[in-house]
Amino acid sequence: MSNSQDQDKPKLQQVIGHSEDRFLGSDVFASDTRNLPPRNGTGTFHEEARDIDIYHKCDVAVIGGGPAGCAAAWAAAKAGADVTLIERYNCLGGLSTGGLVMWIDRMTDWQGNHVIQGFAREFIGRMPADGVAGPPRDDWGSQDPVKAGYWGNRTTAFHGIVCWAPTLDPERMKLNAQEMLLEAGVRIVFHAWGSRPIVEDGTARGVVFESKAGRQALMAKVVVDTTGDGDMFARAGAKFDTDIEEGDVHHSMNTSWILGGVNMDRWINWKVLYPEQLTELIRRGREQLGYFQTPYVSWRPDIALFLGPRQSGLSALDVDDQTEVEIRSHRLMEGHCRFFRENAPGFENCYNLQSASQLGVRHTRRLVGIGRIERKNWGDGTPVADEVGISPSISPKFPIVSVPYGSLVPRALDGMLVAGRHISCDANSHGFMREIPQCWLTGHAAGAAAALAADSGTTPREVDVANLRKVLRGQGAHLSDMDAVPTAAMGEVVAQ
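Parameters at a glance
- Residues numbered from 1 in each chain as written.
- Predicted model: local features only at pLDDT ≥ 70, side-chain atom pairs only at ≥ 80, totals over all residues.
- Heavy atoms only, no water.
- Helix = DSSP H or I, 4+ residues; strand = E, 2+ residues; numbered from the N terminus.
- Rg over C-alpha atoms; globule rule 2.2 N^0.38 Å.
- Buried < 20%, exposed > 50% of the residue type's maximum accessible area, 1.4 Å probe, protein only.
- Contact = heavy atoms within 4.5 Å.
- Lys, Arg positive; Asp, Glu negative; His and termini not counted.
- Charge placed at Lys NZ, Arg CZ, Asp CG, Glu CD.
- Salt bridge = Lys/Arg side-chain N within 4 Å of Asp/Glu carboxyl O.
- Expected span 1.5 Å × (residues − 1).
- Polar contact = N/O pair within 3.5 Å; in protein donor to acceptor, adjacent residues only side chain to side chain.
- Patch = residues over 30% accessible without salt bridge, like charges linked within 9 Å, V, L, I, M, F, W, Y side chains within 5 Å.
- Areas by Shrake-Rupley, 256 points an atom, 1.4 Å probe, with all protein chains shown as cover.
- Axes fitted to C-alpha atoms, helices over the stretch in contact; angles between N-to-C directions.
- Parallel < 35°, antiparallel > 145°, perpendicular 65-115°, else oblique.
- Left-handed = near helix turned anticlockwise from the far one by under 90°.
- Nonpolar A, V, L, I, M, F, W, Y, C, P; charged D, E, K, R; others polar.
- Phe/Tyr/Trp six-rings, centres within 6.5 Å; stacked < 30°, edge-to-face > 60°.
- Lys NZ or Arg CZ within 6 Å of the ring centre and 35° of its normal.
- Pairing = 2+ DSSP bridges.
- Core = buried A, V, L, I, M, F, W, Y, C linked by side-chain atoms within 4.5 Å.
- pLDDT = per-residue confidence, 0-100.

### With respect to the overall build of the chain
From N to C terminus, the chain includes 13 helices and 24 strands. Taking 23 Å as the expected radius of gyration for a compact globule of 496 residues, we find that the chain reaches 22 Å, a close match to that expectation. Considered along the principal axes of its C-alpha atoms, the chain spans approximately 65 × 60 × 40 Å. Burial status across the chain gives 59% buried among its 496 residues. Considering only residue pairs separated by 6 or more positions, the chain has 73% of its internal contacts joining residues 24 or more positions apart. Averaging the positions of the 50 positive and the 61 negative side-chain charges in the chain gives two centres separated by 2 Å.

### Considering the pattern of salt bridges
Applying the stated rule across the entire model yields 30 salt bridges. The partner of E324 in a salt bridge is R34, with the nearest N and O atoms 3.5 Å apart. Linking E324 in helix α9 (residues 319-343) with R34 in the loop between β2 (26-30) and β3 (53-63), this pair joins segments that are 290 residues apart in sequence. According to the relative accessible area criterion, R34 is partly exposed, its value standing at 39%. Here D302 makes a salt bridge to R300, at a shortest N to O gap of 2.7 Å. Looking at R300, the relative accessible area reads 39%, which means it is partly exposed. In this structure, a network of salt bridges that share partners links the residues R34, D321, E324 and R328.

### Here we look at helix α5 (residues 170-184)
The end-to-end C-alpha separation of α5 is 21 Å, in line with the 21 Å expected for 15 residues at 1.5 Å each. P170, M173, K174, N176, A177, M180, L181 and A184 are the residues of α5 that are buried. Buried residues along α5 sit in contact with α2 (67-78), β4 (83-86), α3 (119-125), β8 (167-168) and β9 (187-189). Looking at where α5 begins, the residue whose side-chain oxygen comes 3.0 Å from the main-chain nitrogen of E171 is D169.

### Looking at a nonpolar patch on the surface
Where nonpolar side chains cluster on the molecular surface, the patch consists of V272, L273 and Y274 and spans about 280 Å² of accessible area. Summarising the element assignment, L273 is placed in helix α7 (residues 264-273).

### Focus on the packing of helix α8 (residues 275-289) against α9
Axis separation between α8 and α9 bottoms out at 11 Å; the angle between their running directions is 140°. Considering the angle they form, α8 stands oblique to α9. α9 is crossed by α8, and the crossing has right-handed handedness. Of the residues in α9, those in contact with L281, R284, G285, Q288 and L289 of α8 are L332, G335, H336, R338, F339 and N343.

### Observations concerning the packing of α2 against α5
Here α2 crosses α5 at 25°, and the two axes come no closer than 9 Å. The angle between α2 and α5 places the two elements in the roughly parallel class. The crossing of α2 and α5 is left-handed. Residues C70, A73, W74 and A77 of α2 lie in contact with α5, whose contacting residues are A177, M180, L181 and A184. Tallied by class, the residues present in the contact of α2 with α5 amount to eight nonpolar, no polar and no charged.

### Digging into the packing of aromatic side chains
Scanning the model with the defined rule gives 21 aromatic pairs in all. Through a chain of ring-to-ring contacts, the aromatic side chains of W257, W267, W270, F292, F306, F339, F340 and F347 assemble into a single cluster. Note that R154 overlies the ring of Y150, its terminal NZ or CZ placed 3.8 Å from the centroid. Of note, R365 hangs over the ring of F240, and the distance from its end group to the ring centre comes to 5.5 Å.

### Focus on the sheet that holds strand β16 (residues 296-297)
Taken in spatial order, the four strands line up as β16-β17-β15-β19 in an open sheet, and their pairing is antiparallel. Edge strands, defined here as strands with exactly one partner in the open sheet, are β16 and β19 (351-355). Bridge count between strand β15 (residues 257-260) and β19: four bridges; the pairing is antiparallel. The partner of G260 across the bridge, within β19, is Y351. Against the sheet, α9 engages β15, β17 (303-306) and β19, with an angle of about 150° to β19.

### Some words on the nonpolar core
Judged by nonpolar contacts, the single largest core of 82 residues is most densely connected at F123, L181, Y405 and W440. It is helix α11 (residues 436-456) that provides the largest number of residues to this core, a total of 13 residues.

### Details of the confidence of the model for the chain
Taken residue by residue, the chain gives an average pLDDT of 91. The fraction at 70 or more is 90%. In the model, residues 21-25 has pLDDT below 50 throughout and makes 27 contacts with residues more than four positions away in sequence or in other chains.

### Some remarks on the environment of V62
For V62, the position within the fold is in strand β3. As for V62 and G379, which are separated by 317 residues in sequence, their C-alpha atoms are 33 Å apart. Sequence-distant contacts of V62, that is, excluding residues within four places in its chain, are made with G69, A72, A73, V83, T84, L85, I86, V224 and T226.

### Focus on unusual backbone geometry
The phi torsion at L100 lies on the positive side, around 60°, for a residue other than glycine. Mapped onto the secondary structure, L100 falls in the loop between β4 and α3. Phi at H191 takes a positive value of approximately 55°, unusual for a residue other than glycine. Along the chain, H191 falls in the loop between β9 and β10 (193-200).

### Things to note about the side chain of T226
Checked against the element boundaries, T226 lands in the loop between β12 (214-225) and α6 (231-235). According to the relative accessible area criterion, T226 is buried, its value standing at 7%. Reaching out from T226, the side chain makes a polar contact with the backbone oxygen of G64 at a distance of 2.8 Å. When near neighbours in sequence (up to four residues on either side) are disregarded, T226 contacts V62, I63, G64, A68, G69, A419 and H422.

Structure below.
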């Protein structure tokens with residue numbers, strides 16, 4: 001360990017257990033020790049105006065190729081739109097692939113019903129069998145203690161209930177998403193960073209992006225912001241929220257990594273049989289490393305996933321804070337490998353296999369939309385009038401969560417839709433609406449809506465929600481029965 005790491009004495013900010021109002025148990029660490037000196041920049045620099053070449057013109061421009069962006073591009077193309085997707089990295093999938101967040105969380109409700117389908121089901125259905133680890137269909141919703149205990153140690157049973165929350169091979173996911181989009185007719189642009197939206201008279205008309213070719217413009221009838229941080233809608237002037245729920249992990253950051261050469265079945269058996277020894281191992285790990293994280297299963301029993309010690313008090317919108325997390329995390333990867341090799345059953349022959357190429361960001365901005373998902377409505381269970389998807393709830397205490405189309409539509413900005421972890425919701429709801437399946441859900445809805453708006457020459461807020469629901473159903477999405485939806489004109493809900 002370097003001296004700078006030894007001097008970094010993080011504090012354990014919260015120990016969060018599973019509860020009816022929290023889902024992911026985790027340690028969150030905070031530290032004031034920094035590895036970079038303060039910046040010394042002052043003043044401003046004037047950038048001269050210049051003409052920018054137009055790279056392409058399309059119906060729908062999707063900015064960001066993470067889970068939401070992939071679903072949006074696929075859905076829009078399937079609905080007949082000419083779609084271009086801009087992605088800053090060299091692969092699709094975002095945090096699920098480049099971020100190594102290969103655990104895909106719950107897509108079933110607490111009775112085992114498959115409520116997040118559409119793109120999500122199509123995507124997983126196309127994965128090779130050896131690239132998917134999770135419970136068989138017959139076990140979804142099971143409360144059998146043996147099954148729940150087994151799958152609970154493999155991140156797919158919670159509150160004593162087996163769920164559909166598989167772990168997927170990240171490399172296979174990259175190829176799977178790429179081929180699905182290419183087959184649908186999507187133009188993919190890798191190694192391109194969407195830098196700012198093009199807005200005229202309060203309406204998004206496209207985006208400016210940066211690549212090795214310099215600055216270029218992508219013109220579109222509808223722009224879908226799936227950057228994860230709301231970069232496009234924020235820079236277009238749309239309102240957003242930044243408040244956080246202090247007792248949740250959703251405001252922390254980390255870089256994930258994986259260790260090879262392990263025996264996860266042996267590790268799980270040991271920690272279940274000897275919980276006192278596990279407690280002592282965690283104590284010594286914190287003592288030696290400061291930040292400390294125990295492993296999760298991956299899609300293979302010989303690979304362990306570390307979602308990185310979750311670090312708070314740092315902003316994913318600040319380049320120095322992002323750098324700080326990366327510096328700490330890459331040191332911790334080496335430190336954890338050594339510690340587990342020397343101390344943990346099943347890790348005697350482990351080695352560093354890979355660190356994530358993308359920073360693990362959970363929260364920065366959330367859209368202020370026409371509609372909003374709020375904690376006060378979790379217990380309602382009544383489908384909203386403009387429902388475009390159904391999400392599992394945080395615990396069996398609550399029914400499913402009906403996702404409104406209005407949560408994807410900016411309050412004032414036209415020509416743009418929003419999907420992914422930055423949709424319109426309160427801080428509590430963000431804790432689960434930011435997960436990968438929920439990003440697939442909202443991306444699917446935004447893409448289909450964008451295609452309808454582009455085809456009809458209307459703004460996204462004018463899209464007829466009844467028609468949108470028909471398109472979504474046709475693409476395999478699971479929605480509430482029409483008889484269960486309030487009789488108020490659904491199109492009027494998002495026109496307010």
